[in-house]
Structures are given as structure tokens and as C-alpha cells.
Amino acid sequence: MTLSEYCATLSQEKLLETAIACCEVALTIWDEYALANKLSYRDTVVGMHHEVRPELLHDSLLYCTGKSSKDFATLLDEFSDPKVAIQDSDWELPSNVEKVFHAFYNLLDGLKKPITVFDEQTHYVAINQAIDAIYSSGKMTVDQIKSIIYDQDKQ
């Protein structure tokens, strides 16, 4: 069974729990990058300088776990300009860091939009992006990643 097929068998609650668990592990990739690098870029259209709060992903995770009273729309909006900057190559991140950023966006966005425009479960996309970043960065082995994914189903 593929990851996509497995995720399709999960309830929305279990899918969210699995996405949170994967994103929690992937968060270390973001944190390590943010400690050593500025999270800023200049857009090429008008030349404005932008900074991304290092805590954005943490705040999003806290919101998704019900441990934050931050405004959902405000958090989601904070992803908007940086996502465009990544797409326009105005903000170039290492591949793993970029995947983590997108995973957290999809984790948060999945609370509002459970299905993407490509007809995929949004939280599945977050899981897939987080796993890709975790594995390709060498943070965990395939077996360790599987234990995170499949252990969520047993809880």
C-alpha cells in the first residue's frame, strides 16, 4: 500500500495527527537553518525586502495542536508572500528547508481546505513533504519514518 493509499484510509483526525507528528520531526530542519541563516529575501518586482519570522512554523504547529490562540487567517497570510517568493525564485532555500516550509503551509491550510486543487488530501501532501525532507536530510531512516506514520494509527 502506498503512502497516499494508506492516508486515504485514515479519518481526518488521524490524518491530522500523522501530519502533525511528521511536521514536528521536520521542524528541526527549519530550526537548524533559521539559526544559521537569515530568513529574508528581496522581491524582484518592486525590490522590497521581506523577513520571515523564524517562529512562523512553530506558531502554525501550536495552532494545529490547539495550543495557540493566534489568528488562523493571520498565520496563513504570513505564508503567502514567502510562497510566491519561492515560486518566483526570489527566496532560494535549500530543498529540505523549502519542503518543510511547504509542509507546514499545507498542515495549516489543510484545516480549512482538506482537498487540494489537484484532488489530494492536503494533510497527505504535508506528510509527504515532511517525510521527503526528513529522509533526504538523513534525520531518520525509512523504518524510523514508518514508525511515526503507522504508530499514529495505533493511538
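Whatever comes next refers back to the structure up there.
All values derive from a computational prediction rather than experimental measurement.

A. Examining the nonpolar core more closely. By size, the foremost hydrophobic cluster in this structure holds 52 residues, and its most contacted members are Trp 30, Leu 57, Trp 91, Phe 104 and Leu 107. Of all elements in the fold, only helix H1 (3-8), helix H2 (12-36), helix H3 (56-64), helix H4 (72-87), helix H5 (95-109), helix H6 (122-136) and helix H7 (142-154) reach the threshold of two or more residues within this core. Among the elements that make up this core, the one with the highest residue count is H2 (13 residues).

B. Spotlight on the pattern of salt bridges. All told, the structure shown has seven salt bridges when counted by the stated rule. Notably, a salt bridge pairs Glu 55 with Arg 53, separated by 3.7 Å at the nearest N-O pair. Residue Arg 53 pairs with Glu 78 through a salt bridge whose shortest N-O separation is 2.8 Å. Placement of Arg 53 in the loop between strand S2 (49-51) and H3 and of Glu 78 in helix H4 is noted, with a sequence separation of 25 residues between them. A relative accessible area of 26% means that Arg 53 is categorised as partly exposed. Among the charged side chains, a network of salt bridges with common partners joins Arg 53, Glu 55, Asp 59, Lys 70 and Glu 78.

C. A look at a nonpolar patch on the surface. On the surface, a nonpolar cluster with roughly 330 Å² of combined accessible area is contributed by Val 45, Val 46 and Met 48. Within the secondary structure layout, Val 45 lies in the loop between strand S1 (40-42) and S2. Judged by its relative accessible area of 72%, Val 45 is exposed.

D. Geometry of the side chain of Lys 83. On the secondary structure map, Lys 83 appears in helix H4. In this structure Lys 83 is buried but unpaired, with Asp 109 as the nearest side chain of opposite charge at 7.3 Å. When near neighbours in sequence (up to four residues on either side) are disregarded, Lys 83 contacts Phe 101, His 102 and Tyr 105.

E. The arrangement of the packing of H2 against H6 in detail. For the pair H2 and H6, interaxial distance at closest approach is 8 Å and the crossing angle is 30°. Considering the angle they form, H2 stands roughly parallel to H6. Where H2 crosses over H6, the two elements pack in a sense that is left-handed. Of the residues in H6, those in contact with Leu 15, Leu 16, Thr 18, Ala 19, Cys 22, Cys 23, Val 25, Ala 26 and Ile 29 of H2 are His 123, Tyr 124, Ile 127, Ala 130, Ile 131, Ala 133 and Ile 134. Grouping the constituent residues of the contact of H2 with H6 by class yields 14 nonpolar, two polar and no charged.

F. View of the packing of aromatic side chains. Taken as a whole and assessed by the stated rule, the structure comprises seven aromatic pairs. The rings of Trp 30, Tyr 41, Phe 79, Trp 91, Phe 101 and Tyr 105 are connected pair by pair, giving a single aromatic cluster. A cation over an aromatic ring shows up here: Lys 83 above the ring of Tyr 105, its NZ or CZ 4.1 Å from the ring centre.

G. Expanded view of H5. The first and last C-alpha atoms of H5 sit 21 Å apart over 15 residues, in line with the 21 Å expected at 1.5 Å per residue. Burial analysis of H5 places twelve of its 15 residues in the buried class, the great majority of the element. Within H5, the full set of buried residues consists of Asn 96, Val 97, Val 100, Phe 101, His 102, Ala 103, Phe 104, Tyr 105, Asn 106, Leu 107, Leu 108 and Asp 109. In the core, the buried residues of H5 are packed alongside H2, H3, H4 and H6.

H. Just H2, in detail. Over its 25 residues, H2 runs 36 Å from end to end, which matches the ideal 36 Å to within 8%, given 1.5 Å per residue. By the largest-angle criterion, Val 25 marks the main kink of H2, which is about 30°.

Here is what the cut-offs are and how they apply
Residues numbered from 1 in each chain as written. Predicted model: local features only at pLDDT ≥ 70, side-chain atom pairs only at ≥ 80, totals over all residues. Heavy atoms only, no water. Core = buried A, V, L, I, M, F, W, Y, C linked by side-chain atoms within 4.5 Å. Buried < 20%, exposed > 50% of the residue type's maximum accessible area, 1.4 Å probe, protein only. Helix = DSSP H or I, 4+ residues; strand = E, 2+ residues; numbered from the N terminus. Salt bridge = Lys/Arg side-chain N within 4 Å of Asp/Glu carboxyl O. Patch = residues over 30% accessible without salt bridge, like charges linked within 9 Å, V, L, I, M, F, W, Y side chains within 5 Å. Areas by Shrake-Rupley, 256 points an atom, 1.4 Å probe, with all protein chains shown as cover. Lys, Arg positive; Asp, Glu negative; His and termini not counted. Contact = heavy atoms within 4.5 Å. Axes fitted to C-alpha atoms, helices over the stretch in contact; angles between N-to-C directions. Parallel < 35°, antiparallel > 145°, perpendicular 65-115°, else oblique. Left-handed = near helix turned anticlockwise from the far one by under 90°. Nonpolar A, V, L, I, M, F, W, Y, C, P; charged D, E, K, R; others polar. Phe/Tyr/Trp six-rings, centres within 6.5 Å; stacked < 30°, edge-to-face > 60°. Lys NZ or Arg CZ within 6 Å of the ring centre and 35° of its normal. Expected span 1.5 Å × (residues − 1). Bend = angle between axes of the 7 residues up to and from the residue.

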